[in-house]
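# Breakdown of the fold
Take a look at the letters that make up each chain.
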Amino acid sequence: MTPPSSPARRSGAFAAVLRHRREVAGLTQAELAERSGIGERTVSNLERGINTSPYASTVRLLADALGLTGATRQELLQAARRGPGERPAPTGGYLGALPVSRLVAREAEWTTIATALGAVVEGSGKVVLLAGEPGIGKTRLAQEVSARAAERGFLVATGRCYEARRETPFAPMLEVAAALHAAVRPRDRDGIVDRWPQLATLLPDQPPAAEPRTSAVRAIAAAPDATYRLHRAATGLVRELAADRPVAVLLDDLHWADVATVELLAHLARHTAGDRVLLIGTYRDTEVGVTHPVRRLGRSLQREGLVQVVPVPRLDRGDTARLITDRLDEAEVAGELSTLVHRQTDGNPFFVVETLAALIDRGDLARLDGAWVRREIDALVVPASVSEAIAERADRLSPPARHVLEAGSVLGEVFDPADLADLAEEPGLEAALDEAVDAGLLTIDGGHYAFDHSLTRQTLYAALSPVRRRRLHLAIGRRLADRPAAVRRRRSTEIARHLEAGDDPVRAMPFLLLAGDVAAGLHSQSDALRHYRHALELADEVGDEAAAAAAREGLGQVQLTTAGYDEAVDHLTRAADDHRRLGDLGARLRAEGLLAQAQYRRGQGEAGAARLAAVVAGLAEEIGPGGQAPGLSALSIGLARVRLALGQRRACLEAAEHAAALARQEGAVASEADAEALRGTSLLFLDQPDEAVRALERARTLARDVDAPNVESGAILALQWTLTMRGELDRAAVMADRGLEVTRRTGDTDAEALHLANAGLTAFYRGDRDEAQRHLETAMELARAHSRTLFSGIPPAYLGVLRAGQGDPAAAALCFAAAAAAPNLQTFEFRAYVEARRAALELVAGDPRTALARLEPWLDVEAPTQIHDVMLLAVAAEACLELGGAEDLDRAEVLVARARRRAEATRNVIDGLDARRLEGRCLLARGRREEAAALLEEVAAHATAVPCPDVVDRVRDDLARRA
């Protein structure tokens, strides 16, 4: 095995290297062109320097045609440049680099992978997992996939998992996302985050704008489906790119993957099966037990027929001999040597290569006059293990180079040389790194250095004494802790690990909290929980009460998101009490707001509202009249929202008005907009519809002016529905479009489902049933994608309205059953709304008695739902009319009169038209046919003007009864 070429030679022009290697091979340009399948003019242009930017695939074809292996192949690959002034494409043993040698003895495995490649080109998504022991060649196979895919026109994106970053959410996906983002056409690139806002968390140039504890962490509680939204965004980008060209995503060393990465990979696998997407993953099967996320991923995808697991076995003696021959530049190898090496290495390719390197370094194998010579077999000593072989090679380095390697092993498989600077025992860092590169133990990876194999790093790290290991961890941790804020945030998990391994838990603790915040901001709840729990343990250990309170708040925040309401209440109660005792008012208010949400979702809404009210009242006394406290308006908004959810409309209005006043004092425009939206919504339920519309319009304007999309989305939801029921359907449709646009910017699919449901209902009333179906079916898809929320029943309820209108009562019944299974939204007595819709189906089926009995629990109250009263009372009135008795007719007239009063009070034109239609039917039943006909014609004209064709059709049916 020849040593790597010198830096001077590596920097030589590609033209000169290619011409030299062709002449050494004794080929003409025409012969080389024929062997490689490249045009003769292309070869000529490359050798004359006319073409200075050969494609990687072209270089590989030339290297194969020239029969180059080992250092000579690497020389040609590294000399190739993609453009003037650009560095050569990296070569090395890691995924993302060009391989330094040919693939040997993996024909069976490659056949399986090549079949998958071909299927993807034809339009079928494929997932392949390469499994085997360390050093077996999984990464080399993945490199081959990467290179061959690129040659076939694939967009290739790679990511690597590292042991040191196994607790960093989406660590390898950051590399993949950056590559995919870079592949988007420049004119479209800036719009990626606008279309898929959640991708900002995966793109290195899109850091969160606010501090995590005031923005990213808090946002996760408001979006229980945040993880799904991120998965959906990433999948959307991949599928869109795959529509233009095939996409290959390759992830190495998945045994070190974080849970968030595995979950995202599973989502991609399930949602790209019909797209030109190839997903490749490698993992060590010796390091993934039955409960490991990657093992579970493989099992679940195999059950669904979505993955092919390709075992990568050891080489037999014949293939070991082929590998040795290749690494010795096709020199003839004695059978005794290959037998000895195979017996010593068991056919593990990395062990074979390391053993050969150790034999060459020791002089047992040497090149003389272009040929390899060896000592006699009985004098040739093969290292007893790969660790011994690696140690032998490292021991031949100078002390500075050895020290640098040891420090690098503490950092991980890939490291930044800047992280090693200022370590006192490493003078001459650059020279030491060059020496390690020349020895083949390190490779250059852009501006970083990478160990030639993860086993090399592990061997060196394991050889460190406990004292030196601890001292290196501490020095590196302290150095990283002094980096700029953006670096500290990005590398918080690493910093905490180094400081804790260096016996500095006090300094490690804030970085563990930061790591939890970052994981929560990336919607990786399992990683966030792990970091917060670890921080809490350390905080209790060193007696840091403030850190313990912060950790409990983080735990409660994430458990609230993941529906662990009991644990959330416990942690947030303690956090709020601890913040109060420590005098941190802002943190206390924040925790109290979260606690109220957790109590409500736990079924303790009254207790949550009472506690929040007490906190607000106590603060008012504490700070005095006109006094302010940070976040007090936000706390009042939280109280208003809980009151509204509990159906306490008057109390909600009072809290919202108080919150709006506080927000104006604080100059918090977004909070004022949020408070106005809640005020407007509560006014809808208090029979003040005109004032409600004005408040909602004001909320929308304020939110738009300060670019608060979540607040604007909430205001539009209430406003658009209100405009629909007022019969302003054209304006409602425009508002629906704006609501969807704003909400998709936030990435909140729960809110998006509600906007789609509202838009579908509007389209239904306008008579556009195709558009209604598109909106409502998409809303259902989104609603099913995440856990149930307070609003989960609305999409199926509105879809049921459409199905009933389409004449499919069975499908409508299924929709209403799904809606009934959702939580009862007490704000407007959702259960009554669903039962009224079910009763309408029973009328269609000719069973008015059952329909009326279903509605009886609500008929003794003038305004049973406050918002859907007209529809409920109208259905009950129609049931009475269908029953046909004299008393039934009397009752129908009373119910219709009540429905008309409620329609007037709430400005409900749509349902009011139906109430007036039923008034006409009552007149018909009384024999007053002329009055009935005049009224029904008037209703038909009004419904036509709205337009509301469904009501028009029903009026025409009633007029037909008169005839």
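As the structure is a computational prediction, the values presented were derived from the model and not from experiment.

Turning our attention to the overall build of the chain. The helix and strand inventory of the chain stands at 48 helices and 10 strands. Looking at the chain as a whole, 57% of its 963 residues are labelled buried. For the chain, long-range pairs separated by at least 24 residues make up 68% of all intrachain contacts whose partners lie at least 6 apart in sequence. Total accessible area on the chain stands at roughly 38,500 Å², and carbon and sulfur atoms take up 50% of it.

In this structure, Leu 761 sits in helix H38 (residues 749-766). Residues Leu 761 and Tyr 798 lie 37 residues apart in sequence; the distance between their C-alpha atoms is 6.3 Å.

Spatially, three strands are ordered E8-E10-E9 in an open sheet, and the strand pairing comes out antiparallel. Across the chains shown, the open sheet's two edge strands, defined by having one partner strand only, are strand E8 (414-415) and strand E9 (442-445). Contacts from helix H20 (residues 399-411) reach E8, E9 and strand E10 (448-451) within the one sheet, and its direction differs from that of E10 by about 90 degrees. Contacting E8, E9 and E10, helix H21 (residues 429-438) runs over the sheet at an angle of about 110 degrees to E9.

On to the sheet that holds strand E4 (residues 277-284). In spatial order, the strands read E2-E3-E4-E1-E5; together these five strands make up an open sheet with parallel pairing. The two strands at the open ends of the sheet, each matched to only one other strand, are strand E2 (155-160) and strand E5 (308-311). Averaged over all adjacent pairs, the angle separating strand axes in this sheet is 15 degrees, with direction ignored. As paired elements, strand E1 (residues 126-132) and E5 share four bridges and run parallel to each other. The residue of E5 that forms the bridge with Leu 129 is Val 309. Here helix H8 (residues 138-151) sits on the sheet in contact with E1, E2, strand E3 (247-252) and E4, set at roughly 165 degrees to E4.

Remark: helix H39 (residues 769-784) packs on helix H40 (residues 794-805), axes separated minimally by 9 Å, with the N-to-C direction vectors making an angle of 150 degrees. Classed by the angle they form, the pair H39 and H40 counts as roughly antiparallel. Viewed along their axes, H39 and H40 form a crossing whose handedness is left-handed. Contacts from Arg 769, Ala 772, Gln 773, Leu 776, Glu 777, Ala 779, Met 780 and Ala 783 of H39 reach H40 at Pro 795, Pro 796, Tyr 798, Leu 799, Leu 802, Arg 803 and Gly 805. Residues of the contact of H39 with H40, tallied by class, amount to 10 nonpolar, two polar and three charged.

The final tally for this structure, using the stated rule, is six aromatic pairs. Where Phe 415 meets Tyr 449, the ring centres are 6.2 Å apart and the plane angle is 20 degrees; that geometry is what we call stacked. One end of the pair, Phe 415, is in strand E8; the other, Tyr 449, is in strand E10, with 34 residues separating them in the sequence. In terms of burial, Phe 415 and Tyr 449 fall into one category: buried. Three or more aromatic residues joined by ring pairs form one cluster here, namely Phe 415, Tyr 449 and Phe 451. Directly above the ring of Tyr 461 sits Arg 457, whose terminal nitrogen or CZ lies 5.6 Å from the centroid.

Here the focus is the confidence of the model for the chain. A low pLDDT score tells you not to read the predicted coordinates there in detail. Chain-level statistics for the chain give a pLDDT mean of 84 and a share of 87% at 70 or above. Per-residue pLDDT stays below 50 along residues 82-87; that stretch engages in nine contacts with residues further than four places along the chain or on separate chains. Throughout residues 206-224 the model reports pLDDT below 50, and contacts reaching past four residues in sequence, or to other chains, amount to 41 contacts.

Another point: the side chain of Asp 517. Among the secondary structure elements, Asp 517 is positioned in helix H26 (residues 505-521). Among the polar contacts made by the side chain of Asp 517, one reaches the side chain of Tyr 532 at a distance of 2.6 Å.

Between its first and last C-alpha atoms helix H14 (residues 259-271) spans 19 Å; for 13 residues at 1.5 Å apiece the expected length is 18 Å, and the two agree. For H14, the capping residue at the N-terminal end is Asp 258, with a side-chain oxygen 3.2 Å from the backbone nitrogen of Ala 260.

This brings us to the environment of Asp 285. By secondary structure assignment, the location of Asp 285 is in the loop between E4 and helix H15 (293-303). Each C-alpha atom of the pair Asp 285 and Pro 311 lies 8.9 Å from the other, and the pair is 26 residues apart in sequence. Beyond its immediate stretch of four places on either side in the chain, Asp 285 contacts Ala 131, Gly 132, Glu 133 and Arg 295.

So, how was this worked out
- Residues numbered from 1 in each chain as written.
- Predicted model: local features only at pLDDT ≥ 70, side-chain atom pairs only at ≥ 80, totals over all residues.
- Heavy atoms only, no water.
- Helix = DSSP H or I, 4+ residues; strand = E, 2+ residues; numbered from the N terminus.
- Buried < 20%, exposed > 50% of the residue type's maximum accessible area, 1.4 Å probe, protein only.
- Contact = heavy atoms within 4.5 Å.
- Areas by Shrake-Rupley, 256 points an atom, 1.4 Å probe, with all protein chains shown as cover.
- Pairing = 2+ DSSP bridges.
- Axes fitted to C-alpha atoms, helices over the stretch in contact; angles between N-to-C directions.
- Parallel < 35°, antiparallel > 145°, perpendicular 65-115°, else oblique.
- Left-handed = near helix turned anticlockwise from the far one by under 90°.
- Nonpolar A, V, L, I, M, F, W, Y, C, P; charged D, E, K, R; others polar.
- Phe/Tyr/Trp six-rings, centres within 6.5 Å; stacked < 30°, edge-to-face > 60°.
- Lys NZ or Arg CZ within 6 Å of the ring centre and 35° of its normal.
- pLDDT = per-residue confidence, 0-100.
- Polar contact = N/O pair within 3.5 Å; in protein donor to acceptor, adjacent residues only side chain to side chain.
- Expected span 1.5 Å × (residues − 1).

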